[in-house]
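Examination of the molecular architecture
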Amino acid sequence: GAKVIGLASSESKRELVTRLGADAAVDSRADDLGEAILEANGGKPVDVVLEMAGGDAFDATLAVLAPFGRLVTFGIASGKTNQVRTRELMQTSRAVVGFWLMHLFTKPELLRSGIGELLGLVASGDLEVVIGGVYPLADVAKAHEDLRARTTNGKLLLDPSA
């Protein structure tokens, strides 16, 4: 029942976001990202943000978070870190949570159940894995260049047999 708003940097990536089930897709490079998110959400603040870019995107999504909303950050793709002021959190009743997958490895029971559920969803077809390209292992540099240039969609695979 959640309304899902995805962010992506190109029209083709936004089309992919909506094809995969998002209710709306917003240009992650919009001049006023916060305003674009609010517009996609009918003018209302959002309750949950899963954020992996850091920098300006982190600030914009935190600004549109509703009271009692939660922002979970799990990456810093922009390379720009952020500072969160406790006074602002208290005045807005918002929460910011960091998540790093490595900590999940210390909880094997959670890891097993989560991976089991994830693979079950893939096996049933309820969750689609998007393969953005398969590169021979010898072309690993090209794969990195394509990632850096942001021309890929989905996961890239390296094929050691090719």
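Attention in this report is confined to the structure presented alongside it. Keep in mind it's a predicted model, so treat the numbers as computed, not measured.

Cut-off values and rules
- Residues numbered from 1 in each chain as written.
- Predicted model: local features only at pLDDT ≥ 70, side-chain atom pairs only at ≥ 80, totals over all residues.
- Heavy atoms only, no water.
- Helix = DSSP H or I, 4+ residues; strand = E, 2+ residues; numbered from the N terminus.
- Buried < 20%, exposed > 50% of the residue type's maximum accessible area, 1.4 Å probe, protein only.
- Contact = heavy atoms within 4.5 Å.
- Areas by Shrake-Rupley, 256 points an atom, 1.4 Å probe, with all protein chains shown as cover.
- Pairing = 2+ DSSP bridges.
- Axes fitted to C-alpha atoms, helices over the stretch in contact; angles between N-to-C directions.
- Salt bridge = Lys/Arg side-chain N within 4 Å of Asp/Glu carboxyl O.
- Right-handed = clockwise from strand over helix to strand, strands pointing away.

**Quick notes on the overall build of the protein chain**
For the protein chain, the count of helices and strands is 6 helices and 7 strands. When the helices and strands of the protein chain are placed in sequence order, the string is β-α-β-α-β-α-β-α-β-α-β-α-β. In terms of its C-alpha atoms, the protein chain occupies a principal-axis envelope of roughly 55 × 40 × 30 Å. Counting every position in the protein chain, which comprises 162 residues, the buried fraction comes to 24%. Expressed as a percentage of contacts within the protein chain between residues at least 6 apart in sequence, the contacts between residues at least 24 apart total 42%. Surface exposure of the protein chain reaches about 11200 Å², of which carbon and sulfur atoms provide 57%.

**Looking at the sheet that holds strand β3 (residues 46-51)**
With parallel pairing, the 3 strands of this open sheet are ordered in space as β3-β4-β5. For this open sheet the edge positions go to β3 and β5 (95-98), each flanked by a neighbour on one side alone. Adjacent strand axes in the sheet meet at a mean angle of 10° when their direction is disregarded. Helix α3 (residues 55-63) contacts β3, β4 (65-73) and β5 of the sheet and is inclined by roughly 155° relative to β4.

**Section: unusual backbone geometry**
Notably, Phe-68 is not glycine yet its phi reads approximately 70°, a positive angle. Checked against the element boundaries, Phe-68 lands in strand β4. Phi angles above zero are rare outside glycine, and Ser-93 is one such case at about 55°. Relative to the helices and strands, Ser-93 resides in the loop between α4 (86-92) and β5.

**A look at the environment of Val-4**
Note on placement: Val-4 falls in the segment before β1 (5-8). We classify Val-4 as partly exposed; its relative accessible area is 41%. When the C-alpha atoms of Val-4 and Ala-57 are compared, they prove to be 17 Å apart, with 53 residues separating the residues in sequence.

**Here we look at the pattern of salt bridges**
Enumeration over the complete set of coordinates arrives at 4 salt bridges. We note a salt bridge from Glu-11 to Arg-14, for which the minimum N-O separation is 3.3 Å. Highlighted residues: Glu-11 and Arg-14, both in helix α1 (residues 11-19), separated by 3 residues, approximately one helical turn. The exposure class of Glu-11 is partly exposed, given its relative accessible area of 47%.

**Structural notes on the side chain of Arg-14**
Given a relative accessible area of 14%, Arg-14 falls into the buried group. Discounting residues that sit within four places of it in the chain, Arg-14 has contacts with Ala-8, Ser-9, Ala-25, Val-26 and Asp-27.

**Looking at α3**
Taken residue by residue, α3 has Gly-55, Ala-57, Phe-58, Ala-60, Thr-61 and Leu-62 as its buried positions. Lining the buried residues of α3 we find α2 (33-40), β3, β4 and β5.

**Re the pairing of strand β2 (residues 24-27)**
A one-sided burial pattern is seen for β2, the buried positions being Ala-24 and Val-26 and the unburied ones Ala-25 and Asp-27. Of the strand pairs in this sheet, β1 and β2 are connected by 4 bridges, and their pairing is parallel. Bridged to Ile-5 within β2 is Ala-24. What joins β1 to β2 is α1, and the crossover it makes is right-handed.

It is worth stressing that arrangement in space is one thing and function is another; only the former is reported here.
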